[in-house]
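If you want the building blocks of each chain, they are given just below.
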Amino acid sequence: MCSSDLGNRAVALTQDGFGPDHAMVRSARLGLAQGLLRARRSREATAELTRILDTSGRAGAERDYLDGMAMVGLGSALLIDRKPRAAAARCEQGIRILEAQLGRHNVETAAALGELGQAVAAFQPRRGVKLLEEAVAIEVELLGHGDPRTATDRTRLGKLLYQSGERARGRRVIAEVHDLLVAIGEPFDSAELARWLQRHPAGR
């Protein structure tokens, strides 16, 4: 059984026990949607994320943490679909909610800032760098350099720095993430970064 099948089953079982609008069901839908996003199945993910935001029993209710995460997820889906401006708008909506619920200095908010930075980089590269720098700074401070959860935004930052002309710094960031992934035994991801480093020498 694949992960999306397991996710659908988790949603169905939780809904049977708690009803369609319960936070547990919305949380299960978020987990399913995040798995679909990792698989780059943006259309299916968007359907689940929209259900989180549109559950009928919450009409008029104040937006909560799960709404913020769902909105950022919709931004991620739009980014997969190569719609960076629309993605940025959704991420900004989600970040406002997450900041109100969790504060800006929080791992979930930082990850959302990373998604926003990736989207914004397509049309405002300098702002994208600043957002990714902020996301990485928060993640590293709260989780530490050796935590693999920092790898995604550090990789994004390194590549964007390189593209923006800061090649030595960008390569240094990518090399640090590569070494981290090797140390924790992630051969597929570390090999991809090794290939990137070979294709992007400092002098090019």
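Here the structure is shown first, and the text comes after it.
Residues numbered from 1 in each chain as written. Predicted model: local features only at pLDDT ≥ 70, side-chain atom pairs only at ≥ 80, totals over all residues. Heavy atoms only, no water.

Draft legend 1. Representation of the overall build of the protein within the structure. Counting secondary structure elements, the protein contains 10 helices and zero strands. Mapped from its N terminus to its C terminus, the protein presents α and β elements in the order α-α-α-α-α-α-α-α-α-α. When the accessible surface of the protein is split by element, carbon and sulfur atoms take 50% of a total near 10,800 Å². (Helix = DSSP H or I, 4+ residues; strand = E, 2+ residues; numbered from the N terminus. Areas by Shrake-Rupley, 256 points an atom, 1.4 Å probe, with all protein chains shown as cover.)

Draft legend 2. Spatial organisation of the layout of surface pockets. For the largest pocket, the calculated volume is near 1,800 Å³. Around the largest pocket, the lining comprises 38 residues; the ones closest to its centre are Arg38, Glu115, Thr152, Asp153 and Arg156. The dominant element in the lining of the largest pocket, judged by the number of residues it contributes, is helix α8 (residues 151-163), at eight residues. Here the lining of the largest pocket is built from residues that sort into 18 nonpolar, seven polar and 13 charged. Taken as a whole, the second largest pocket holds about 160 Å³ of empty space. Glu133, Val136, Ala137, Val140, His145, Arg154, Leu157, Arg169, Arg172, Val173 and Glu176 are the residues that line the second largest pocket. Here the residues of the lining of the second largest pocket sort into five nonpolar, one polar and five charged. (1 Å grid on protein atoms, 1.4 Å probe; cavity = no way out; pocket = protein on both sides within 12 Å on 5 of 7 lines; lining within 4 Å. Points joined across faces, edges and corners; volume = space filled by probe spheres on them. Nonpolar A, V, L, I, M, F, W, Y, C, P; charged D, E, K, R; others polar.)

Draft legend 3. Spotlight on the packing of aromatic side chains. Scanning all chains against the criterion turns up one aromatic pair. Judged by centre distance (5.2 Å) and plane angle (75 degrees), the rings of Tyr162 and Trp196 are edge-to-face. Here Tyr162, found in helix α8, pairs with Trp196, found in helix α10 (residues 187-199); they are 34 residues apart in sequence, far enough to count as distant. For the pair Tyr162 and Trp196, one class covers both residues: buried. Here Arg85 stacks its cationic end above the ring of Phe123, 4.2 Å away from the centre of that ring. (Phe/Tyr/Trp six-rings, centres within 6.5 Å; stacked < 30°, edge-to-face > 60°. Buried < 20%, exposed > 50% of the residue type's maximum accessible area, 1.4 Å probe, protein only. Lys NZ or Arg CZ within 6 Å of the ring centre and 35° of its normal.)

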